[in-house]
Amino acid sequence: ALPLASLFTEIVVVAAASGTGKKLAYELTNASTAALHLRGGCILVSIARTLSAHGDLDEQVRALTARIAREPQAAPLYVQRGDLLRAEQQWQAALHDCDYALTLDSRLQAARLCRGLALDGAGRTSQAERVLTELLEREPAHVAALIARARILAKRDRPLDAAADYARALAR
């Protein structure tokens, strides 16, 4: 059996009950679906990203690269590979794939999300925030973008703004 490739799970707890939105905990582990829970007056946000049960990341990148060679105009393939590269912390390569996907299909919100997450991973939080804000201007109910931007806002010591994004995500 091939190993399951779990990438990361981000868990952020924000004090919603106090009204301060103070960040209480932040944990990066590994993890495609967003789960939101309200527990004890706090919002618990978990972003899970499970890319595939088909081998390790390098194998998945190689497989996507082969598919891209056969289908070079398939923008979603570049986003998928960019997401894998982001999981491997290959920030520049991930950004390149996301940017190229957007040149092929400028409406591809998944590429913007991947780009924002890669910028954040690379420590370029102000750029990441801008990219995610632009995505949310196009698609205000994009839960993953709301959660990602909230996490960045909390990191940038803007807990009230972060709490507002978490609340919008929770309302979805």
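Starting afresh in each chain, residues are numbered from 1 along the sequence in its written order. The model is predicted, so local features are restricted to residues of pLDDT at least 70 and side-chain atom pairs to those at 80 or more, both for listing and for counting; the totals for chains, interfaces and linings are taken over all residues. To obtain the side-chain values, all non-hydrogen atoms of the structure were used and water was disregarded.

Novice: Pulling in residues and values, what's your account of unusual backbone geometry?
Specialist: A positive phi is found at glutamine 89, a non-glycine position, where the angle reads about 60°. Relative to the assigned elements, glutamine 89 resides in the loop between helix H2 (75–87) and helix H3 (91–104). For aspartate 157, which is not glycine, the phi dihedral falls at a positive 60°. A run of H or I in DSSP becomes a helix once it reaches four residues, and a run of E becomes a strand once it reaches two; helices and strands are each numbered from the N terminus. Along the polypeptide, aspartate 157 turns up in the loop between helix H6 (143–155) and helix H7 (159–171).

Novice: If you had to explain the packing of helix H5 (residues 125–138) against H6 to someone new, which residues and values would you point to?
Specialist: Between H5 and H6, the shortest axis-to-axis distance is 10 Å and the interhelical angle comes to 150°. Classified by the angle their axes make, H5 and H6 are roughly antiparallel. Crossing of H5 against H6: the hand is left-handed. On the side of H5, the interface is formed by Thr125, Ala128, Glu129, Leu132, Thr133, Leu135 and Leu136, while H6 contributes Ala145, Leu146, Ala148, Arg149, Ile152, Leu153 and Lys155. Partitioned by chemical class, the residues of the contact of H5 with H6 number 9 nonpolar, 2 polar and 3 charged. Helix axes are fitted only over the stretch in contact, all axes being lines through C-alpha atoms; the angle between N-to-C directions runs from 0 to 180 degrees. Roughly parallel here means an angle under 35 degrees, roughly antiparallel means over 145, roughly perpendicular means 65 to 115, and every remaining angle is called oblique. With the far helix as reference, a near helix turned anticlockwise by less than a right angle produces a left-handed crossing, and one turned clockwise produces a right-handed crossing. We call two residues in contact whenever any of their non-hydrogen atoms come within 4.5 Å of each other. Just so you know the grouping, Ala, Val, Leu, Ile, Met, Phe, Trp, Tyr, Cys and Pro go in nonpolar, Asp, Glu, Lys and Arg go in charged, and all remaining residues, Gly too, go in polar.

Novice: Report on H3, specifying residues and quantitative values.
Specialist: Take the residue count of a helix, subtract one, and multiply by 1.5 Å to get its expected span. Its 14 residues give H3 an end-to-end C-alpha distance of 20 Å, which sits within 8% of 20 Å, the value for a rise of 1.5 Å per residue. We call a residue buried when its accessible area falls under 20% of the maximum for its residue type, exposed when it is over 50%, and partly exposed in between, using a 1.4 Å probe and counting protein chains only. Residues of H3 that are buried: Ala94, Leu95, Asp97, Cys98, Ala101 and Leu102. Along H3, the residues classed as buried sweep out an arc of 160° about the axis, all on the same side. In H3, the exposed positions that point more than 90 degrees away from the buried face belong to Gln92, His96 and Thr103. If you follow the buried residues of H3, they end up packed against H2 and helix H4 (109–121). Summarising the geometry, the arc corresponds to the directions from the helix axis toward the C-beta atoms.

Novice: Account for the confidence of the model for the protein, naming residues and giving values.
Specialist: Averaged over all residues, the pLDDT of the protein equals 76, while 68% of them reach at least 70. The model gives residues 1–54 a pLDDT under 50, and that stretch makes 136 contacts with residues more than four places away or in other chains. Each residue carries a pLDDT value, the predictor's own confidence for that position, ranging from 0 to 100.

Novice: Any chance you could break down the packing of aromatic side chains for me, citing the residues and the numbers?
Specialist: Only centres within 6.5 Å qualify two rings of Phe, Tyr or Trp (six-membered ring in Trp) as a pair; their planes then separate them into stacked at under 30 degrees, edge-to-face at over 60, and tilted for everything else. Taken as a whole and assessed by the stated rule, the structure comprises 1 aromatic pair. The interplanar angle of 65° and the centroid separation of 4.9 Å between the aromatic rings of tyrosine 78 and tyrosine 100 together place this pair among those described as edge-to-face. Taken as a pair, tyrosine 78 in helix H2 and tyrosine 100 in helix H3 lie far apart in primary sequence, 22 residues in all.

Novice: For the environment of glutamate 129, give the residues involved together with the corresponding values.
Specialist: Note on placement: glutamate 129 falls in helix H5. Sequence-wise, glutamate 129 and arginine 149 are 20 residues apart; in three dimensions their C-alpha atoms are separated by 6.0 Å. Aside from chain neighbours lying at most four places away, what touches glutamate 129 is Arg149, Ile152, Leu153, Arg156 and Arg158. Polar contact is the term for a pair of N or O atoms within 3.5 Å; when the atoms are in protein, one must be able to donate a hydrogen and the other to accept it, and sequence-neighboring residues count only if both atoms are side-chain atoms. Within the structure, glutamate 129 has its side chain in polar contact with the side chain of arginine 156 (distance 2.3 Å). Within the structure, the side chain of glutamate 129 is placed 2.9 Å from the side chain of arginine 158, a separation counted as a polar contact.

Novice: Got a sec to walk through the nonpolar core? Specific residues and values, please.
Specialist: For our purposes a nonpolar core is just a set of buried Ala, Val, Leu, Ile, Met, Phe, Trp, Tyr and Cys residues, chained together by side-chain atoms within 4.5 Å. With 39 residues, the main nonpolar core has Ala101 and Leu113 as its most contacted residues. The set of elements that each furnish at least two residues to this core consists of helix H1 (57–70), H2, H3, H4, H5, H6 and H7. Residue contacts for alanine 101: discarding those within four places in its chain leaves Ala75, Tyr78, Val79, Leu108 and Ala111.

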